[in-house]
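Coordinate inspection notes
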4 protein chains.
Amino acid sequence: MIIQLEPSIAEPQKTSVVDAVKKIGYKPKHVATQYGDYVVCIGKKDFDIRTIGSLAGVRDVHYVSDEYQLVSSKWKVGKTAIDLGDGVKLGDGHFQIMAGPCSIESEEQVRKTVQHLQSCGVRVMRGGVFKPRSSPYAFRGMGIEGLKMFSAICRESGIKVITEVMEPAQIQPMYDYIDVYQVGARNSQNFNLLDELGRVDKPVMIKRGISGTIEELLYSAEYVFAGGNERLLLCERGIRTYEKASRNTFDINAVPILKEKTHLPVIVDPSHAIGIREYVEPVALAGVMAGADGIIIEIHEKPEEAASDGAQTLNFEESERLFRKIREVVALQERW
Amino acid sequence: MIIQLEPSIAEPQKTSVVDAVKKIGYKPKHVATQYGDYVVCIGKKDFDIRTIGSLAGVRDVHYVSDEYQLVSSKWKVGKTAIDLGDGVKLGDGHFQIMAGPCSIESEEQVRKTVQHLQSCGVRVMRGGVFKPRSSPYAFRGMGIEGLKMFSAICRESGIKVITEVMEPAQIQPMYDYIDVYQVGARNSQNFNLLDELGRVDKPVMIKRGISGTIEELLYSAEYVFAGGNERLLLCERGIRTYEKASRNTFDINAVPILKEKTHLPVIVDPSHAIGIREYVEPVALAGVMAGADGIIIEIHEKPEEAASDGAQTLNFEESERLFRKIREVVALQERW
Amino acid sequence: MIIQLEPSIAEPQKTSVVDAVKKIGYKPKHVATQYGDYVVCIGKKDFDIRTIGSLAGVRDVHYVSDEYQLVSSKWKVGKTAIDLGDGVKLGDGHFQIMAGPCSIESEEQVRKTVQHLQSCGVRVMRGGVFKPRSSPYAFRGMGIEGLKMFSAICRESGIKVITEVMEPAQIQPMYDYIDVYQVGARNSQNFNLLDELGRVDKPVMIKRGISGTIEELLYSAEYVFAGGNERLLLCERGIRTYEKASRNTFDINAVPILKEKTHLPVIVDPSHAIGIREYVEPVALAGVMAGADGIIIEIHEKPEEAASDGAQTLNFEESERLFRKIREVVALQERW
Amino acid sequence: MIIQLEPSIAEPQKTSVVDAVKKIGYKPKHVATQYGDYVVCIGKKDFDIRTIGSLAGVRDVHYVSDEYQLVSSKWKVGKTAIDLGDGVKLGDGHFQIMAGPCSIESEEQVRKTVQHLQSCGVRVMRGGVFKPRSSPYAFRGMGIEGLKMFSAICRESGIKVITEVMEPAQIQPMYDYIDVYQVGARNSQNFNLLDELGRVDKPVMIKRGISGTIEELLYSAEYVFAGGNERLLLCERGIRTYEKASRNTFDINAVPILKEKTHLPVIVDPSHAIGIREYVEPVALAGVMAGADGIIIEIHEKPEEAASDGAQTLNFEESERLFRKIREVVALQERW
């Protein structure tokens, strides 16, 4: 059960609400985000909902049968749009393409990519500066200095920045240079990181775990929301299965399922979902067709020379064609 | 290595070819299908390909690096189209919708479905009469008498019939009443059944195993082709994974991968791939967008009353809308 | 619900029982096996069990909450032992080792293996003559003639024969030459084969499917039992997962779970479960320690030269040591 | 390639070694742990190994073909034993039982558990104070104050403490109160946490990821070792598969495989590996039989009342019987 409070609610009234909830037998948790005040109530009790609904300072009471609550579509009228500023919105009818290299490598690389994105009308650039790598000896990214450079060039051109955050200690240093924090698949259940991302007012895109369930992804988002940050995106990036013909198995079923279960925008990452350059286009288009609100794609001027993930990275020409087709698919869906 | 023989080749010439192959150190297998004569050569040897190519009666010699050979796209120029007659073609640019109930239940059911398909311009009807069921106590289909009824009604209306065959002994009795034999997921590696289907001249659609690999599906097709029947369709129907939010995980990656690895048409089955009625439409459209040559969908006048698979079955209204959207997706792809 | 009938029950009494069951609202299925007469009742109804229990010719009525019934441990007092004759029993406290090559290759191979087994006190020999192979071009076994040779040599020495059956048409020709039919992992849900094996009075060992669930394995056994044959063994042989460091993932959890859910003997196959020769010993011993009633192991005089599965096959020396250790583990368990 | 340096090596000599390595074309990484100085060399080059081996200050040069190096058994003679002090050793022939509740709940609970462990001769107690939970609303542990209490009681009785660390910021505050840091399955690839654990001189037990590969587990250990801490334990705790009859699938194959690939001790966690109390005993014994160097088991005085994981927790009586049997299995193995 979620109790939405009025913005004007006074402290003693909050206390009354929380006390009333406890009395009924629920365990209340007060959640204050950048947009609202909620009391999430854990438990299952029979009671007259009006006893809560009529309390001073209560705007609305919602019954939510899912165990995750704030991210559930069961209480929120309509879908959530995430506004990155300068007219760049994501979700609730606003489709966005995000593209860029796996790793930020050099100023020249960033400049050329930004130029390419601008010429294609793409408004969000991805690029890793902290890279999670299976081996401790692999290239682990340019770090915070790389991010500052990456960010500065994007800011000049009105391009928004999404990049991965790997630990709580990185959150503050990154804050000024990014527009979306990305939580990678290996950190999808790093609960301490999720807790901390709840305390910051910037959008967070959470990738599904390597073999995370759809429900676990929703719970991970619930962590951030319950921590105080409701600007959330969810990303399907393929799961680990026995099939070795592709890097991961793109669970395209997750797109319509997530779209029904949550009000949050759903992004697809075809690059990781299949992991093979020549097949990125068809599965990217399939992901959009399945109903995604946005897409994040790895591109590089010279994929063969990329510092990481070159085998699944499109070059500029391939990506331009894909962007165009994606827009035609979105346009077809809008006509339906 | 595949050696294509001339249709006019005489028996002694065949023997010469086979002998030459053995001499080089390959293990030859002669394959005669409804369309051609081949010698499939197993092994890996260094030799001058002209020594074979110049033999009398040899049309062409193809080097195939895959271990499956006849179904590989590495030797065949162009894609294969399967002709079901009366202008119903599948593959190589001919997209087909196949639809119908999970189980054939009654004459009335078949008549109404045929009527609906005709009104929608759909030319192929699916419907099971032999049903593989986990439990021996579940409904196992109407059997051969059901098939005769099903077939007769379809024939009246120019609708083609696809239905599942479960064991070698059913092949001949079914022959006159069907247009495509379907091999179900649980029989995808029933090699005796595949062997026998190689001896019959009717198209065969092989479903990927419950957790079969893409490579195993190609090998299963190789069984039928090597048995003498090259009229083959492959079907992605979802695989078994840890994710329980859907019945199966639709491995949409398999569509472009199969399309590149084989010349055979690739079909998607969104009904089993997700297993939840309200999500069949988006994943069906995604499957088409990923490049499928055809689609097979479970529909029923009253899904709630279906003898089996009701939870993943569309009603007539839902299916009509889906058919229309599928055609718009195919039309969009043709413009690209 | 299972109704056990008296051996002496007359036909009209059987009809009365079936009618009574229908009247209550259950769907009855009469099952006659080599050992008993049962009416399996499908459904869930509230009624006074004495109305059935008191009917003439009814020995006992058992309520079974599982959907599989005859194989469930919920109705049968005690465990089932399978008697192969000549004092070779399996289950209910009788542990058996079964060993032999993947494929029967030659008379000499069989003779040497039989000699080795005899010297080690092993009473059951495995060996395939019909081999399911992913590729149609691989060695597919010596066939029925190979079986006759294999069987004759074993019979001379009092060794029992277990070998794989792949299709219904093989059941009768094999009957005189085997002691246990093995259903392979790829045929674990070949329901037509299971149906037919229900009509024969010889033990059947069913392997779990490539990625079959424990429940599906029980249902497959239910097919054979409901067909009339209750001499059944179940075999855990590893499942398909994402992990590629071993051929399969040995689901050792399945051993205690199966032992609790069914009264049938449970066999482990460590050779396929890990697929790597040097690790067969530890996982074999682990499987026995987990509670298996028997074990089936691939051995060969010269594993390097085996026609199939050499990489997971023990030589005679290795197998002798393993047999000895297995017996020590069984002895330890008997002391507990 | 790993170059072991002499303890007495001078800085200029280290520089010479690193320079020599670079010159050959390898990428060197200097690693200094509590026990040794190494230069790990990444790459693959042909060269005369004596050119390095003869440099001043080089003790030994090892060629390691695995991509993980320091944890590989390919360079280290013999197995690694982890000494927790007071005669509590783990690995290289020293078997240890670790047991305790999922969550530390109260002083009374800890006292009773310690008493029980002492009476059973168990020297290491587990117990979580920081609990990773899918839902943000679930009990998340008693935190650092709980750890202080837990630790104080254990120290009184000579019991060693193992508990989970969830983020870098917890490492220092926990240091004085624990004997082994546990990295949980969800943090198995939390590389920042692993990096930091490399900087501390306390043993670390890394659990395999929810669906981590054996190779990924070795790489995660390589992170800690390469960070400077070679006191490492690896733990198999079951993997996520499609099978839902148990909480996880116990990949018992991992035990012999890890034992061969690494010199580090291998622990099994049967409680999570099967997740069902009545089956913990057989799979625990199987894990020991497969070759584990230690075992970690969830126990509680009243499992029904445990704050978490009660369904997979043994009571004192059950655990006492299991401990006894484990020791009999270990004794049997020592006789072999």
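Not measured: the values here are computed from a predicted model.

Helix and strand counts for chain A stand at 11 helices and 14 strands. The principal-axis extent of the C-alpha atoms belonging to chain A is close to 65 × 40 × 40 Å. Every one of the 336 residues in chain A was classed for burial, and the buried ones make up 64%. Considering only intrachain contacts with a sequence separation of at least 6, the fraction spanning at least 24 residues in chain A is 68%. Here chain A displays about 11,700 Å² of accessible surface, and carbon together with sulfur accounts for 46% of that area.

What follows covers the sheet that holds strand S10 (residues 180-183) of chain A. Residue and element names in this part refer to chain A. Spatial strand order, S7-S8-S9-S10-S11-S12-S13-S14: 8 strands in a closed barrel with parallel pairing. The average angle at which neighbouring strand axes cross in this sheet is 25 degrees, direction not considered. In this sheet, strand S9 (residues 160-164) lies alongside strand S8 (residues 124-126) in parallel orientation, the contact comprising 3 bridges. Within S9, the residue paired with Met125 across the bridge is Val161.

Between chain A and chain B, the superposition needs a rotation of 180 degrees and an axial shift of 0.0 Å, giving an RMSD of 0.0 Å. The symmetry that links the two subunits is that of a two-fold axis. Residue Ala286(A) of chain A places its C-alpha closer to the rotation axis than any other residue of that unit, at 2.1 Å. Here 100% of the interface residues in chain A have copies in chain B that are interface residues too; the copies meet face to matching face.

Time to look at the nonpolar core. In this structure, Leu197(A), Leu197(B), Leu197(C) and Leu197(D) are the most contacted members of the largest nonpolar core, which totals 342 residues. Dropping the residues within four chain positions of it, Leu197(D) is found in contact with Val165(D), Ile171(D), Tyr181(D), Val183(D), Val204(D), Val224(D) and Asn229(D). Grouped together as the second largest cluster of nonpolar side chains are 14 residues, Met1(A), Val17(A), Val18(A) and Ala20(A) included.

Attention now goes to the interface of chain A and chain B. Taken together, the contact pairs 35 residues of chain A with 36 residues of chain B. Together, the buried faces of chain A and chain B total about 3,100 Å²; carbon and sulfur atoms form 67% of this surface. For the pair chain A and chain B, the number of links is 2 salt bridges. With a closest N to O distance of 2.7 Å, Glu243(A) and Arg208(B) form a salt bridge. Inspection of the chain A/chain B interface yields 18 residue pairs in polar contact (both at pLDDT 80 or more). Of all elements in the fold, only helix H8 (254-261), helix H9 (270-274), helix H10 (277-289) and helix H11 (316-335) of chain A reach the threshold of two or more residues within the side of chain A that touches chain B. No other element matches H10(A), which puts 6 residues into the side of chain A that touches chain B. For the side of chain A that touches chain B, the per-class residue count stands at 20 nonpolar, 8 polar and 7 charged.

Residue and element names in this part refer to chain D. Within the secondary structure, Gln109 is located in helix H3 (residues 107-120). Reaching out from Gln109, the side chain makes a polar contact with the backbone oxygen of Ser103 at a distance of 3.0 Å. The contact partners of Gln109, leaving out residues within four places of it in the chain, are Pro101, Ser103, Ile104 and His300.

With that out of the way, let us pick up the interface of chain B and chain D. Contacts between the two partners involve 4 residues from chain B, matched on the other side by 4 residues from chain D. Carbon and sulfur atoms supply 76% of the area buried between chain B and chain D, which totals about 350 Å² over both sides. Ranking the residues of chain B by area buried against chain D places Arg240(B), Tyr242(B) and Lys244(B) at the top, with a combined share of 95%. At the junction of chain B and chain D, the tally comes to 0 salt bridges.

As a packed pair, helix H10 (residues 277-289) of chain C and helix H10 (residues 277-289) of chain D sit with axes 8 Å apart at the nearest point and diverge in direction by 155 degrees. With respect to each other, H10(C) and H10(D) are oriented roughly antiparallel. The handedness of the crossing between H10(C) and H10(D) comes out as right-handed. On the side of H10(C), the interface is formed by Pro282(C), Leu285(C), Ala286(C) and Met289(C), while H10(D) contributes Pro282(D), Leu285(D), Ala286(D) and Met289(D). For the contact of H10(C) with H10(D), the class distribution of residues is 8 nonpolar, no polar and no charged.

Let's shift gears to the pairing of strand S10 (residues 180-183) of chain C. Regular strands place their side chains on alternate faces of the sheet. All names here are of chain C. Residues Val180 and Gln182 of S10 are buried on one face, and the alternating residues Tyr181 and Val183, pointing to the opposite face, are buried as well. Sheet topology places strand S9 (residues 160-164) next to S10; 3 bridges connect them, and they run parallel. Its bridge partner being in S10, Ile162 is matched across the sheet by Val180. Between the parallel elements S10 and strand S11 (residues 204-207), the chain passes through helix H6 (residues 191-197) in a crossover that is right-handed.

Moving on: helix H7 (residues 214-227) of chain C. Residue and element names in this part refer to chain C. Over its 14 residues, H7 runs 20 Å from end to end, which matches the ideal 20 Å to within 8%, given 1.5 Å per residue. Of all 14 residues in H7, 12 are buried, a share of seventy percent or more. Among all positions in H7, only Ile214, Glu216, Leu217, Leu218, Tyr219, Ser220, Ala221, Glu222, Tyr223, Val224, Phe225 and Ala226 are buried. Where H7 is buried, its residues meet strand S2 (27-32), strand S3 (37-42), H6, S11, strand S12 (232-236) and helix H8 (254-261). Where H7 ends, the next residue or the one after it, Gly228, has phi of about 125 degrees, a positive value.

Let us now look at the side chain of Lys202(C). Residues and elements named next belong to chain C. Among the structural elements, Lys202 can be located in the loop between H6 and S11. The side chain of Lys202 is buried and forms no salt bridge, while Asp179, the nearest opposite charge, is found at 4.9 Å. Those residues within four positions of Lys202 in sequence are excluded, and the remaining contacts are Tyr175, Ile178, Asp179, Tyr181, Asn229 and Arg231.

So, on to the relation of the copies chain B and chain D. The relation between the two copies of this chain is a rotation about an axis and a shift parallel to it. Once chain B is rotated about the relating axis by 180 degrees and shifted along it by 0.1 Å, it coincides with chain D to within an RMSD of 0.0 Å. Counting the interface residues of chain B, we find that 100% of their copies in chain D are interface residues as well, pointing to one common contact surface.

Before going further, it helps to examine unusual backbone geometry. Notably, Asp92(A) is not glycine yet its phi reads approximately 55 degrees, a positive angle. On the secondary structure map, Asp92(A) appears in the loop between strand S6 (89-90) and strand S7 (96-100). Judged by its relative accessible area of 43%, Asp92(A) falls in the partly exposed class. One non-glycine residue with positive phi stands out, namely Asp86(B), at about 55 degrees. Here Asp86(B) shows up in the loop between strand S5 (82-83) and strand S6 (89-90). Classification of Asp86(B) by relative accessible area gives exposed; the value is 58%.

Our focus in this paragraph is helix H10 (residues 277-289) of chain B. Among the 13 residues in H10(B), 12 count as buried, and that is most of the element. All buried positions along H10(B) are accounted for by Arg277(B), Tyr279(B), Val280(B), Glu281(B), Pro282(B), Val283(B), Ala284(B), Leu285(B), Ala286(B), Gly287(B), Val288(B) and Met289(B).

All names here are of chain A. Here the domain parsing of chain A yields domain 1 (2-62) and domain 2 (82-335). One C-alpha centre belongs to domain 1, the other to domain 2, and the line joining them spans 35 Å. Contact with domain 1, which involves 8 residues of that partner, is made by 8 residues of domain 2. When domain 1 packs against domain 2, close to 610 Å² is buried across both sides, 49% of that on carbon and sulfur atoms. The interface formed by domain 1 and domain 2 contains 7 residue pairs in polar contact (both at pLDDT 80 or more). A per-element tally of the side of domain 1 that touches domain 2 places strand S2 (residues 27-32) first, with 3 residues. Counted by class, the side of domain 1 that touches domain 2 contains 4 nonpolar, 3 polar and 1 charged residues.

Definitions and cut-offs
Starting afresh in each chain, residues are numbered from 1 along the sequence in its written order. Starting at A for chains and at 1 for ligands, labels are handed out in the order in which the entities are written. With the structure being a predicted model, the display of local features is reserved for residues of pLDDT at least 70 and the display and counting of side-chain atom pairs for 80 or more, all residues being used for whole-chain, interface and lining totals. Hydrogens are left out, water is left out, and the side-chain values use all remaining heavy atoms of the structure. Only DSSP runs of H or I covering at least 4 residues are called helices, and only runs of E covering at least 2 are called strands; the numbering of each starts at the N terminus. Categorising residues by exposure relies on relative accessible area from a 1.4 Å probe, with only protein chains included: less than 20% of the type maximum marks a residue as buried, more than 50% marks it as exposed, and the intermediate range marks it as partly exposed. We call two residues in contact whenever any of their non-hydrogen atoms come within 4.5 Å of each other. Note on areas: Shrake-Rupley with a 1.4 Å probe; residue coverage comes only from the protein chains shown. Pairing between strands is defined by DSSP: at least two bridges between the two strands are required. Note on method: axes are straight lines fitted to C-alpha atoms, helices fitted across the in-contact stretch only, with angles between N-to-C directions ranging 0 to 180 degrees. Overlaid copies result from least-squares superposition on C-alpha atoms, with residues included only where pLDDT is at least 70 in both. Within this scheme, the nonpolar core is defined by two criteria: the residues are buried Ala, Val, Leu, Ile, Met, Phe, Trp, Tyr or Cys, and they are joined through side-chain atoms within 4.5 Å. Defined in terms of a 1.4 Å probe, buried area is the accessible area two parts forfeit on being brought together, summed over both. Counted as salt bridges are all cases of a side-chain nitrogen of Lys or Arg within 4 Å of a carboxyl oxygen of Asp or Glu. As used in this structure description, the phrase polar contact means that two N or O atoms lie within 3.5 Å; if the pair is within protein, one of them must be able to donate a hydrogen and the other to accept it, and residues adjacent in sequence are counted only when both atoms belong to side chains. When residues are sorted by character, Ala, Val, Leu, Ile, Met, Phe, Trp, Tyr, Cys and Pro go into the nonpolar class, Asp, Glu, Lys and Arg into the charged class, and all the rest, Gly among them, into the polar class. Angles below 35 degrees are treated as roughly parallel, those above 145 as roughly antiparallel, those between 65 and 115 as roughly perpendicular, and all remaining angles as oblique. Put simply, a crossing is left-handed when the front helix is turned counterclockwise from the back one by less than a right angle, and right-handed when it is turned clockwise. Every crossover in which the path from the first strand over the helix to the second runs clockwise, viewed with the strands pointing away from the viewer, is termed right-handed. The span one expects for a helix is its residue count, reduced by one, times 1.5 Å. His is not counted, nor are the chain ends; Lys and Arg add positive charge and Asp and Glu add negative charge. Residue ranges for the domains trace back to a domain assignment, done automatically or taken from a database.

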